[in-house]
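Residue strings, one per chain:
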Amino acid sequence: MNRSRSDTLFDQARRSMPGGVNSPVRNFGRVGGSPVFMDRGAGSRVYDVDGNEYIDYLGSWGPLILGHGHPAVVEALKKACERGTSFGTPTEAEIRLAELVRTAFPSIDLIRMVNSGTEATMSALRVARGYTGRDLAVKFEAGYHGHGDSFLIQAGSGAATFGIPDSPGVPADLAKMTINLPYNDSAAVRRTLAERGDDVACVIIEPVAGNMGMIPPAEGFLETIREETEKRGIILIFDEVITGFRIAFGGAQERFGIQADMTCLGKIIGGGLPVGAYGGRREIMETVAPAGEVYQAGTLSGNPLAMTAGYETVRQLQEPGVYDRLESLAARLGDGLRAAAAEAGVPAYLTRVGSMMCTFFTDQTVDDFDAASTSDADTYGRYFWNMLDRGVYLAPSRLETGFVSLAHTEEDIDRTLEAARESMKCLCV
Ligand code: KE4
């Protein structure tokens, strides 16, 4: 495929932006080569600046569960833009989205809108510390909760991909207040909270890990965390920035039947516009200014365009059969990819929860970050480029998650599987 204009733009971008991008994992650093610059998207497709077409399984890292340019979202955004883009005042759009989110998450009595998942988790951590009067935070190795200082300790996503899970610039005294435990290790949770629980403000977890590749929670793991935090007055924060409205309308809390004390959201609730949110039990959230004294603010928090795009997106997810459709498409893809790897004789382990999934190139069973790390980076890089050259856009990192949208069709999936069969065969030469 000719990608000369992308290459030219990348050279130009690097003269103005670090690494030529506005978020590290986009720059193809871990799969090699230069990033593809996109020009437009429509449905399940994205089109790069050289006119190449791709079936898109990145979905902007999760927000685009409806696919690109959904008519209801575009029309609503056009009308909202005509009324103005931002006021710095309350608007009805914020109430509409807040009330809709609360119908999906019974654990959320009150919710605060912010502009990114990072802001949501940073704020939730501050609220947990303010509410409990405790300082320690427990997260999980390669869990990723955005780039807030307290979370860039053994972080996942691009931090792990680029081998900088512990970023420079995070003060050692702050890092000491974050405890990392192995994902899916219930014994470590029980042991650590027994020893240090009295000083722990919160446990924050991605209920389905989406930033070390995709790893589902082991049987009883989330239940153990819920039980151990409950009995010690520790705030359980579910980071549902990815899973919220993705794996069920009510996210992991609906799918696994576990209520968190606080929930962080993002991605889908912005419909592709910048958004994040954190919420939880009334007595916790009433500590947030101006109701309470834990301070958090934002110029564009509750921005009417983001609220509109999010509301229209989430509204579509209330339609009957939506999650069955996502399950059917994703199962077709996941089963087909497993078969393609077996047919090609390529060691691969595929994980999937609903319409989020990951292919690890390893002969191990992947149930934690250590096992995820055995996924061969070079093999993934070659697979990524084999698929890209066959018109399929995957996450440019082995430690990320792929997404199927409602815009994908059986024909898309079958074309993808044809490309995968060829791509995996090429891995063996
Ligand atoms: P943002 O600040 O990027 O909106 O959200 C941070 C965040 C929080 N929690 C979870 C579970 C997340 O996955 C994320 C962000 N996800 C990454 C991709 N895995 C965003 C892509 C990027 O960093 O470029």
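Everything here concerns the structure above.
Draft legend 1. Expanded view of the site of the ligand. Among the 17 residues in the neighbourhood of the ligand, the closest are listed as Ser23, Thr118, Asn211, Asp239 and Glu400. Between the ligand and Glu400, the relevant distance is 2.7 Å, taken from a nitrogen atom to a side-chain nitrogen or oxygen of the residue. Taken by itself the ligand offers 530 Å² of open surface, and the protein chains cover 87% of this. Of the residues assigned to the shell around the ligand, the class counts are 5 nonpolar, 8 polar and 4 charged.

Draft legend 2. The sheet that holds strand 1 (residues 38–42), seen in detail. Read from one edge to the other, the open sheet built from 4 strands follows the order 1-2-3-13, with strand pairing classed as mixed. The outermost strands of the open sheet, each flanked by one partner alone, are strand 1 and strand 13 (392–393). Taken together, the 2 bridges between strand 3 (residues 53–56) and strand 13 define a ladder with parallel strand orientation. What sits directly across from Asp56, in strand 13, is Tyr393.

Draft legend 3. Structural detail: the sheet that holds strand 12 (residues 356–360). What the 3 strands build is an open sheet, ordered 11-12-14; its pairing is antiparallel. Pairing within the sheet leaves two strands with one partner each, and these edge strands are strand 11 (349–353) and strand 14 (402–403). Two elements, strand 11 and strand 12, share 5 bridges in a ladder whose sense is antiparallel. When the sheet's bridge partners are listed, Val353 is paired in strand 12 with Met356. Helix-sheet contacts for helix 12 (residues 322–344) involve strand 11 and strand 12, and the interaxial angle to strand 11 is about 175°.

Draft legend 4. Region of interest: the nonpolar core. Within the largest apolar cluster, 39 residues are counted, with the highest numbers of intra-cluster contacts made by Phe140 and Ile205. Elements that contribute at least two residues to this core include exactly strand 5 (136–140), strand 6 (178–181), helix 7 (186–196), strand 7 (200–205), helix 8 (221–230), strand 8 (235–239), strand 12 and helix 13 (369–372). Within the second largest apolar cluster, 38 residues are counted, among which are Trp61, Ala330, Leu337 and Tyr383.

Draft legend 5. Focus on the packing of helix 7 against helix 8. In contact at an axis separation of 9 Å, helix 7 and helix 8 are set at 10° when each is read in the N-to-C sense. Taken together, the axes of helix 7 and helix 8 lie roughly parallel to each other. Contacts from Ser186, Val189, Arg190 and Leu193 in helix 7 reach Phe221, Thr224, Ile225, Glu228 and Thr229 in helix 8. Of the residues that constitute the contact of helix 7 with helix 8, the class distribution is 4 nonpolar, 3 polar and 2 charged.

Draft legend 6. Here's a closer look at helix 14 (residues 377–389). The terminal C-alpha atoms of helix 14, which comprises 13 residues, lie 18 Å apart, in line with the 18 Å expected from a rise of 1.5 Å per residue. Residues Thr379, Tyr380, Gly381, Tyr383, Phe384, Trp385, Asn386, Met387 and Leu388 constitute the buried set of helix 14. Contacts from the buried residues of helix 14 go to strand 3, helix 12, strand 12, strand 13 and helix 15 (410–426). Its side-chain oxygen 3.2 Å from the backbone nitrogen of Asp378, Asp376 forms the N-cap of helix 14. Gly391, located one to two residues past helix 14, shows a positive phi value of around 80°.

Draft legend 7. Up close: the pattern of salt bridges. Inspection of every chain in the model, using the stated rule, returns 21 salt bridges. In this structure, Arg45 and Asp412 form a salt bridge, with 2.5 Å as the shortest nitrogen-oxygen distance. Note that Arg45 is positioned in strand 2 (residues 45–48) and Asp412 in helix 15, a separation of 367 residues in sequence. Each member of the pair, Arg45 together with Asp412, is buried. Between Arg421 and Glu418 there is a salt bridge, with the nearest N and O atoms lying 3.1 Å from each other.

Draft legend 8. The arrangement of the packing of helix 14 against helix 15 in detail. Relative orientation of the contacting elements helix 14 and helix 15 amounts to 135°, with a least axis distance of 9 Å. Between helix 14 and helix 15, the crossing angle belongs to the class labelled oblique. For the pair helix 14 and helix 15, the sense of crossing is right-handed. Packed against helix 14, whose contacting residues are Arg382, Tyr383, Asn386 and Met387, the element helix 15 presents Thr416, Ala419, Ala420, Ser423, Met424 and Cys426 at the interface. Along the lines of polarity and charge, the residues of the contact of helix 14 with helix 15 split into 6 nonpolar, 3 polar and 1 charged.

Draft legend 9. Inspection of the packing of aromatic side chains at higher detail. Scanning the entire structure with this criterion turns up 14 aromatic pairs. Note on Tyr183 and Phe221: the rings are 5.2 Å apart at their centroids and 65° apart in plane angle, and the pair reads as edge-to-face. Here Tyr183, found in the loop between strand 6 and helix 7, pairs with Phe221, found in helix 8; they are 38 residues apart in sequence, far enough to count as distant. Here Tyr183 and Phe221 have matching classes, each one buried. Pairwise contacts between aromatic rings join Phe28, Tyr54, Phe384, Trp385 and Tyr393 into one cluster. Seen from the ring of Tyr47, Arg40 lies directly overhead, with NZ or CZ sitting 3.9 Å from the centre. Its end group placed over the ring of Tyr311, Arg96 keeps NZ or CZ at 5.6 Å from the ring centre.

Draft legend 10. Just the side chain of Glu240, in detail. If you trace the backbone, Glu240 turns up in the loop between strand 8 and helix 9 (251–256). Here Glu240 sits buried without a salt bridge, and the closest side chain of opposite charge, Arg255, lies 9.9 Å off (N-O distance). A distance of 3.1 Å separates polar atoms of two side chains, one belonging to Glu240 and the other to Gln253. Those residues in contact with Glu240, other than ones at most four positions away along the chain, are Phe105, Pro207, Gly250, Gly251, Ala252, Gln253, Thr263, Cys264 and Leu265.

Calculation notes
Residues numbered from 1 in each chain as written. Predicted model: local features only at pLDDT ≥ 70, side-chain atom pairs only at ≥ 80, totals over all residues. Heavy atoms only, no water. Near = heavy atom within 4 Å. Polar contact = N/O pair within 3.5 Å; in protein donor to acceptor, adjacent residues only side chain to side chain. Areas by Shrake-Rupley, 256 points an atom, 1.4 Å probe, with all protein chains shown as cover. Nonpolar A, V, L, I, M, F, W, Y, C, P; charged D, E, K, R; others polar. Pairing = 2+ DSSP bridges. Helix = DSSP H or I, 4+ residues; strand = E, 2+ residues; numbered from the N terminus. Contact = heavy atoms within 4.5 Å. Axes fitted to C-alpha atoms, helices over the stretch in contact; angles between N-to-C directions. Core = buried A, V, L, I, M, F, W, Y, C linked by side-chain atoms within 4.5 Å. Buried < 20%, exposed > 50% of the residue type's maximum accessible area, 1.4 Å probe, protein only. Parallel < 35°, antiparallel > 145°, perpendicular 65-115°, else oblique. Expected span 1.5 Å × (residues − 1). Salt bridge = Lys/Arg side-chain N within 4 Å of Asp/Glu carboxyl O. Left-handed = near helix turned anticlockwise from the far one by under 90°. Phe/Tyr/Trp six-rings, centres within 6.5 Å; stacked < 30°, edge-to-face > 60°. Lys NZ or Arg CZ within 6 Å of the ring centre and 35° of its normal. Lys, Arg positive; Asp, Glu negative; His and termini not counted.

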